[in-house]
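Chain by chain, the residues run as shown.
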Amino acid sequence: AKTKVAKLTKEVNELKRENAELCDRIDLLTDQKADMTEKSEEVSKQLDSTQQGNSVLKQRKEALQKELEKSRAALKRLMDDGESSKAALADKIADIQKEDKLSRDNQIKDHREHLENMKSERQRNEALTKQVNAKNRELTELKFALQRISHEEASRVAYLSNEAELFRQLTEADAHNDEDI
């Protein structure tokens, strides 16, 4: 019975020791559980924070996508306006080129007409110059004829003056002769 008690005591002591080990392990596990609970709460807080951050990021992403769509629409409007402005500018350039060509054509036409007018004017001037030269020759001939006639008339006048003088002298001489008779 003593061996049985010693054996049981030994078993009880061993069970106490195992119990103490188990209690130590339970304490350790309890501490670990507390640490894990604390870490779990931190992770939960971080997860909540991350989820809130994700929610904010999602909202921001949606807002940015809306802004991007607005920007794309504005860019498309600008590009459309640019295309219509480009087309309008091309039309305006074409109109200006047409006007410029028409203006140059009109200037060339006016210049040709001016040259034709100048040519006609020169031909008229040459014809008038020929007429004036012919009239000048005619006038020169008339002048020489007039000078010749004037010279002849002067000769006749001198001759007639001499004749008149002779007639007067003869008349006087006759008158003296008649007186003498």
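Read on for an overview of the structure. (Residues numbered from 1 in each chain as written. Predicted model: local features only at pLDDT ≥ 70, side-chain atom pairs only at ≥ 80, totals over all residues. Heavy atoms only, no water.)

**Some points on the overall build of the protein chain**
Okay, step 1: For the protein chain, the count of helices and strands is one helix and zero strands.
Okay, step 2: Its C-alpha radius of gyration of 73 Å places the protein chain more than 25% over the 16 Å reference for a compact globule of 181 residues.
Okay, step 3: In terms of principal-axis extent, the alpha carbons of the protein chain reach across some 250 × 30 × 25 Å.
Okay, step 4: Relative to its 181 residues, the protein chain shows a buried fraction of 1%.
Okay, step 5: For the protein chain, the computed accessible surface area is about 17200 Å², with 56% contributed by carbon and sulfur atoms. (Helix = DSSP H or I, 4+ residues; strand = E, 2+ residues; numbered from the N terminus. Rg over C-alpha atoms; globule rule 2.2 N^0.38 Å. Buried < 20%, exposed > 50% of the residue type's maximum accessible area, 1.4 Å probe, protein only. Areas by Shrake-Rupley, 256 points an atom, 1.4 Å probe, with all protein chains shown as cover.)

**Here we look at the pattern of salt bridges**
Okay, step 1: Using the criterion set out here, one finds 10 salt bridges in the structure.
Okay, step 2: With a shortest N-O distance of 3.8 Å, Arg17 and Glu14 are connected by a salt bridge. With Arg17 and Glu14 both in helix H1 (residues 2–180) and three residues apart, this pair spans about one turn of that helix.
Okay, step 3: Arg17 sits in the partly exposed class, given a relative accessible area of 43%.
Okay, step 4: Glu165 is paired through a salt bridge with Arg168; the nearest N and O atoms lie 2.1 Å apart. On the criterion of helical spacing, the pair formed by Glu165 and Arg168 is a turn pair, its members being three residues apart in helix H1.
Okay, step 5: A relative accessible area of 38% means that Arg168 is categorised as partly exposed.
Okay, step 6: Connected through shared salt-bridge partners, Glu14, Arg17 and Glu21 make up one network. (Salt bridge = Lys/Arg side-chain N within 4 Å of Asp/Glu carboxyl O.)

**Points about a nonpolar patch on the surface**
Okay, step 1: Nonpolar side chains collect at one region of the surface, where Leu75, Leu78 and Met79 lie side by side and expose about 330 Å² of accessible area between them.
Okay, step 2: With respect to the element layout, Leu75 can be found in helix H1.
Okay, step 3: Overall, Leu75 belongs to the partly exposed group, its relative accessible area being 47%. (Patch = residues over 30% accessible without salt bridge, like charges linked within 9 Å, V, L, I, M, F, W, Y side chains within 5 Å.)

**A word on a negative patch on the surface**
Okay, step 1: Residues Asp24, Asp27, Asp31, Asp35, Glu38, Glu41 and Glu42 make up a contiguous surface patch of negative charge.
Okay, step 2: In this structure, Asp24 sits in helix H1. (Lys, Arg positive; Asp, Glu negative; His and termini not counted. Charge placed at Lys NZ, Arg CZ, Asp CG, Glu CD.)

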